[in-house]
Amino acid sequence: MSDAIDKAAGLAPDDVLYQTRRLRPEFVEGAAQCHASVLTPEADQGLSTAVRLALAQRMAQLNRDAALVQDYQTQLAAYQPSAALLALAAGETVADEPLATLARHADWVTLNPAQATEQHIRLLEQAGFSHPQIVALSELVAFVNFQTRVTAGLRLLRSA
């Protein structure tokens, strides 16, 4: 069965790379489980699926991954997002708090991961985010950026 990474990379079951990924089923299953747990968790910690999808679309856009942008955009549309969430997802400057803080954090870590410091966590705390929310946000940011890199690598391999 295809997962989100297969779909974003354009892999079909008859592709060699699709089959190669299945040589390590724990990685395929793990990525699918991470995808579900960071985007649609049972306990959302106050970060709704719509907010998570908007942030995922934003990060995919920052990573210039059109396939993932489209995928997240389609998923987000099912939640009938507010204008503020659509702006967040589109990469626009967001004035509404706490979305503005979430956007700044996701943008910074996506574009400057090596420069992220404890101070960036303190800014989330100052904006009122709890430690479980910060952990959930960190997991989301890590996963989406991982996903964009894996799909980019698979696309490169496929084109070789």
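The structure under discussion appears in the preceding block.
Per-chain numbering applies: the sequence of each chain, read as written, is numbered from 1 onward. Whole-chain, interface and lining totals are the exception, using all residues; otherwise, since this is a predicted model, local features are given only for residues with pLDDT of at least 70 and side-chain atom pairs are given and counted only at 80 or more. To get the side-chain values, all heavy atoms of the structure are used, and hydrogens and water are removed first.

> Can you walk me through the overall build of the chain in this structure?
Here a helix means four or more residues in a row that DSSP labels H or I, a strand means two or more in a row labelled E, and each is numbered from the N terminus. Broken down by element type, the chain carries nine helices and zero strands. Counting from the amino terminus, the chain carries its helices and strands in the arrangement α-α-α-α-α-α-α-α-α. To get the radius of gyration, use the C-alpha atoms; to get the globule rule, take the number of residues to the power 0.38 and multiply by 2.2 Å. Computed over its C-alpha atoms, the radius of gyration of the chain comes to 16 Å, within 12% of the 15 Å expected for a compact globule of 160 residues. Principal-axis analysis of the C-alpha atoms gives the chain an extent of 50 × 30 × 30 Å.

> Even after reading the chapter, I still don't get the nonpolar core, so can you show me in this structure?
In globular proteins that are soluble, nonpolar side chains generally tend to be buried together. Among buried residues, the Ala, Val, Leu, Ile, Met, Phe, Trp, Tyr and Cys ones that are joined through side-chain atoms within 4.5 Å form a nonpolar core. Remark: exposure states derive from per-residue accessible area (1.4 Å probe, protein chains only) relative to the maximum for the residue type, with buried under 20%, exposed over 50%, and partly exposed in between. Ranked by internal contacts, the top residues of the largest apolar core, which has 35 residues, are Leu55, Tyr72, Leu88, Leu99 and Leu102. Elements with a minimum of two residues in this core: helix H3 (25-39), helix H4 (49-62), helix H5 (66-77), helix H6 (83-89), helix H7 (99-111) and helix H9 (131-159). Contact definition: two residues touch when any of their heavy atoms are within 4.5 Å. Leu55 has contacts with Leu88, Leu102, Ala103, Ala106, Leu137 and Leu140, leaving out every residue within four places of it along the chain. Membership of the second largest hydrophobic core comes to seven residues, among which are Ile5, Leu11, Tyr18 and Ala31.

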